[in-house]
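Structure at a glance
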Amino acid sequence: MTRVMSLLVLILTVSTFAVLAADGPDAGYPRSAGELKAKLQIIGPQSTDAKELYLSRLRQYRFICNVPYENLSWNDDQEKLAVAAADICAKLGKLTHSPERPAGMSDADYELGKKGAGQTNLFSGVNKPIQCVNGWMDDSDDSNIDRVGHRRWILNPRMGQSAFGAVGKFAAMYAFDGSRKDVPDWQFTAFPAQGYMPIEYFGNNYAWSVTINTAKYVTPTKENVTVTIQPVDVGHAPVGAPLKIERFYVDNGGFGGGPAVIFRPEAFKSGHDQIYKVTLKGVKEKSGKGDTIDYIVHFVDLKKIPEGADSRAANTAYFQEKLKSARAVSDEYERLTQFIAITESKFLANADPAIGTEAKSAAQDLMKKPELKKEYEANQKYRIASEMEQKAGKDKNQVFAAAAAYRTINIQFKDTRAGKKAGEDFERLKGQYQ
């Protein structure tokens, strides 16, 4: 799949925001528009590091769709499988989850690549983390729309870890993780999401999908399920005729969190403050209480959501949790870096000022210890060297300059964590060019 996400433009008026923010979760809006905007900014990428770009994009989509996202982390073993999957596809020049052995590939590399290809989402033509995740969430080309399996893996409530790898024009994400222990009680996962749905994360040609928790519902069948997308006004009263559905599928394959009902409206185009009520008839609850799922999708343009009390409250709650986590860290240097990260966040300005004051004071107290101050200084220099290497690409002179910077850090700060890592990176680059 080589599709990448197109961006739409949709405006949220202040008057509508005021009406629907007051409705709250009881009206089918899991969060206010202000909280949605604030959280997406906060959990967005804070650096150009590929791991950060990848994980932050996953977290954003999962947050939008009300799926656990907070502790989603990188897994090094899964990275090896993702890289091996991308590598074997690159050597074969095609996407495949069941690759044959490329000429000249060792048994060990083939087994790793074969295993990785069978457990990952694959992408060709683009190898950048954000664009790949966007494409997997799109998943609406003719070869994927009948199951949107890549999307369902990304939104799997049980996912707790993942990793991304790219080789040439091929990329892969580890998709089969189910390590999350704190999975909340859930009914269904919709995309576009229930409640406020930012247009920046959805396209006109995207399929709509609902993944159903079979612990709550009987496994659906295409013969028994019907779907309606009804335009509604701000009070959720019908406006005009339902959208015509051009594609409709029910897939019970083992992708992500469960079976999915998939549908795409004909000639759909989001407009100003567009709101829809989605109704799935024939999805039966195991309790016998009902056979209908319905929810509201309210498209919004994040740029048009005003800053206000909701966004400030969301930022404050987020940074309060960060403070709590930092205080609980036993390793003093890790605690220091977390306090400093709080003070350096550009979003702290829209939170309770007491949070910044406490974080700054705590960091200053820790920096009074010479060994911690030295660790911090070494880490700052290491970050600069690492950025030099990333920007160097294949320019040997620039790579050598980064290697020299690593070597200097290793000599000056050899008894620090960053100094030791710099030494390892120097040896790595040295080995590549010997």
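Residues numbered from 1 in each chain as written. Predicted model: local features only at pLDDT ≥ 70, side-chain atom pairs only at ≥ 80, totals over all residues. Heavy atoms only, no water.

Moving on to the overall build of the chain. Each helix and strand counted, the chain has 13 helices and 13 strands in total. A compact globule built from 434 residues should have a C-alpha radius of gyration of about 22 Å, and the chain, at 24 Å, falls within 12% of that. With the principal axes as the frame, the chain shows a C-alpha extent of 70 × 60 × 40 Å. A buried classification covers 50% of the 434 residues belonging to the chain. (Helix = DSSP H or I, 4+ residues; strand = E, 2+ residues; numbered from the N terminus. Rg over C-alpha atoms; globule rule 2.2 N^0.38 Å. Buried < 20%, exposed > 50% of the residue type's maximum accessible area, 1.4 Å probe, protein only.)

Once that is clear, we can look at the sheet that holds strand E8 (residues 208-212). Reading across the sheet, the 4 strands line up as E6-E8-E11-E10 and stay open at both edges, with antiparallel pairing between neighbours. Every other strand in the sheet has two partners, leaving strand E6 (188-191) and strand E10 (245-251) as the edge strands with one partner each. Strand-to-strand twist across the sheet, computed as the mean angle between neighbouring axes with direction ignored, equals 10°. (Pairing = 2+ DSSP bridges. Axes fitted to C-alpha atoms, helices over the stretch in contact; angles between N-to-C directions.)

Attention now goes to the nonpolar core. With 84 residues, the main nonpolar core has Phe191, Met197, Trp208, Phe263, Leu280, Tyr295 and Phe299 as its most contacted residues. What Leu280 contacts, discounting residues up to four positions off in sequence, is Val210, Thr226, Val227, Val261, Phe263, Asp291, Thr292 and Ile293. Listed in part, the 14 residues of the second largest apolar core include Ala378, Ala392, Tyr406 and Ala418. (Core = buried A, V, L, I, M, F, W, Y, C linked by side-chain atoms within 4.5 Å. Contact = heavy atoms within 4.5 Å.)

Within the structure shown, the criterion is met by 23 salt bridges. One salt bridge in this structure joins Asp251 and Arg152, with 2.8 Å as the shortest N-O distance. Residue Asp251 is found in strand E10, and its partner Arg152 is found in helix H7 (residues 149-154); the two are separated by 99 residues along the sequence. You'll find Asp251 and Arg152 in the same group, each marked buried. For Arg180, the salt bridge goes to Asp182, with nearest N and O atoms at 3.3 Å. (Salt bridge = Lys/Arg side-chain N within 4 Å of Asp/Glu carboxyl O.)

This part covers the sheet that holds strand E5 (residues 170-174). The sheet built from 3 strands is open, its strands ordered E2-E5-E4 with antiparallel pairing. Each end of this open sheet is capped by a strand with a single partner; those strands are strand E2 (120-124) and strand E4 (164-167). Between one strand axis and the next, the sheet turns by 15° as a mean value, whatever way the strands run. Here 5 bridges tie E2 to E5, and the two strands are oriented antiparallel to one another. Residue pairing across strands places Asn121 opposite Met173, the latter belonging to E5. Contacting E2, E4 and E5, helix H6 (residues 129-138) runs over the sheet at an angle of about 110° to E2.

What follows concerns the confidence of the model for the chain. On average, residues of the chain carry a pLDDT of 91, and 93% of them reach 70 or more. Overall, residues 1-26 carries pLDDT values under 50, and its contacts beyond four positions in sequence, including any with other chains, amount to 82 contacts. (pLDDT = per-residue confidence, 0-100.)

Now for the packing of aromatic side chains. Given two aromatic rings, their pairing is described by the distance between the two centres and the angle made by the two planes. The final tally for this structure, using the stated rule, is 23 aromatic pairs. Centroid distance Trp153 to Phe176: 4.7 Å. Interplanar angle 35°. Geometry classified as tilted. With Trp153 in helix H7 and Phe176 in the loop between E5 and E6, this pair connects stretches of sequence that are 23 residues apart. Note on Trp153: relative accessible area 12%, which makes it buried. Aromatic ring contacts, followed pair by pair, group Tyr61, Phe191, Tyr201, Phe202, Tyr206, Trp208, Phe263, Phe268, Tyr276 and Phe299 into a single cluster. (Phe/Tyr/Trp six-rings, centres within 6.5 Å; stacked < 30°, edge-to-face > 60°.)

With 12 residues, helix H5 (residues 107-118) should cover 16 Å at 1.5 Å per step; its first-to-last C-alpha distance of 17 Å lies within 8% of that length. All of the buried residues along H5 are Tyr110, Gly113, Gly116 and Ala117. Buried residues of H5, viewed axially, fall in a sector of 135°; they line one side. Exposed positions of H5 whose direction lies more than 90 degrees from the buried face are Asp107 and Ala108. Residues of H5 that are buried sit in contact with helix H4 (76-92) and E2. (Expected span 1.5 Å × (residues − 1). Arc of directions from axis to C-beta.)

Counting buried residues along strand E9 (residues 226-232), 5 of its 7 residues qualify, which places the element largely inside the surrounding structure. Across 7 bridges, the pairing between E9 and strand E12 (residues 275-281) is antiparallel. Note on E12: the bridge partner recorded for Ile229 is Val278.

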